[in-house]
Amino acid sequence: YLNALLNNGRFEQAISEARKLDSADAGWRWMFGEIRVKALLELGRVREAEAELPGMDSLASGSRFLRGSQRGLEAYVQARSGNPAAAVAVLAEASESGLEPVDQAILYAWLGNNDRAFDLLEAVFEAKGFVYWFPSRPDFAPLREDRRFAELLIQMGLSCQYSVDGHECYQR
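Attention in this report is confined to the structure presented alongside it. (Residues numbered from 1 in each chain as written. Predicted model: local features only at pLDDT ≥ 70, side-chain atom pairs only at ≥ 80, totals over all residues. Heavy atoms only, no water.)

This paragraph deals with the overall build of the protein. Across its full length, the protein holds 9 helices and 2 strands. Secondary structure elements in the protein, listed N-terminal to C-terminal, are α-α-α-α-α-α-α-α-α-β-β. Against the compact-globule benchmark of 16 Å for 172 residues, the protein has a radius of gyration of 16 Å, which places it among compact chains. Considering only C-alpha atoms, the protein reaches an extent of 40 × 35 × 30 Å along its principal axes. The 172 residues of the protein split such that 45% are buried. Nonlocal contacts in the protein, meaning residues at least 24 apart in sequence, comprise 48% of its contacts between residues at least 6 apart. (Helix = DSSP H or I, 4+ residues; strand = E, 2+ residues; numbered from the N terminus. Rg over C-alpha atoms; globule rule 2.2 N^0.38 Å. Buried < 20%, exposed > 50% of the residue type's maximum accessible area, 1.4 Å probe, protein only. Contact = heavy atoms within 4.5 Å.)

What follows is the structure, given as structure tokens:
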């Protein structure tokens, strides 16, 4: 539900719902924080996004996957806030901590390295036959103008149209 709000540009609602759920379901608090951080970044509220990170760090400590994801989220905040050197430094650490290749691709996209981003996405597609949330995630926005984005959508059997109001995707 929260990902659907985020992916459909309903950022304020995603933040509000994630805050409500945070107190209701402790087991998913890290993910709720991730949604808030990403929605805040989409709204240009970088300082608020940065302020969310310290509270999430302790939630990620018990899981290798979440530790990698936490470091990746920190790198993403750095990349989105115009601090590429810090993002690259954290990205290296995040990759060693188990950051998923799709999340690495997003970071490379925001750092302007589309070639590396597409190398990772194509490897994921070859291994799995799909790239989860690929057409709709706002964090893939830097890649949408690249011809390889459309080519990967075609390989996935999708046709998508993007506008200021959102997007529509259809199976081919």
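On the secondary structure map, Glu52 appears in helix 4 (residues 46-60). Once you skip the residues sitting within four places of it in the chain, Glu52 turns out to touch Arg19, Arg36, Val37 and Leu40.

This part takes up the nonpolar core. Val37, Leu121, Val131, Phe134, Phe140 and Leu143 are the most contacted members of the largest nonpolar core, which has 50 residues in total. Take this core: its biggest share by element is 7 residues, from helix 3 (residues 29-42). What Val131 contacts, discounting residues up to four positions off in sequence, is Val102, Leu121, Val124, Phe125, Leu152 and Met156. (Core = buried A, V, L, I, M, F, W, Y, C linked by side-chain atoms within 4.5 Å.)

A few words on the layout of surface pockets. Put simply, the largest pocket is a space of about 740 Å³. In this structure, the largest pocket is lined by 32 residues; those nearest its centre are Glu34, Phe65, Glu100, Asp103 and Arg137. Looking at which element gives the most residues to the lining of the largest pocket, the answer is helix 5 (residues 64-80), with 6 residues. (1 Å grid on protein atoms, 1.4 Å probe; cavity = no way out; pocket = protein on both sides within 12 Å on 5 of 7 lines; lining within 4 Å. Points joined across faces, edges and corners; volume = space filled by probe spheres on them.)

The end-to-end C-alpha distance of helix 8 (residues 114-128), which contains 15 residues, comes to 21 Å, matching closely the 21 Å that a straight helix rising 1.5 Å per residue would cover. Among the residues making up helix 8, those that are buried are Asn114, Ala117, Phe118, Leu120, Leu121, Val124 and Phe125. Each buried residue of helix 8 lies within a common arc of 160° when the element is viewed along its axis, so the set occupies one face. Seen from the buried face of helix 8, the exposed residues on the opposite side, beyond 90 degrees, are Glu126 and Ala127. (Expected span 1.5 Å × (residues − 1). Arc of directions from axis to C-beta.)

Under the criterion given, the structure shown has 18 salt bridges. The shortest N-O distance in the salt bridge between Arg47 and Glu50 comes to 2.6 Å. Of this pair, Arg47 and Glu50 both sit in helix 4, separated by 3 residues, roughly a single helical turn. Looking at Glu50, the relative accessible area reads 25%, which means it is partly exposed. In this structure, a network of salt bridges that share partners links the residues Arg19, Asp22, Arg29, Arg36 and Glu52. (Salt bridge = Lys/Arg side-chain N within 4 Å of Asp/Glu carboxyl O.)

All quantities given are derived from atomic positions and should not be read as evidence of function.
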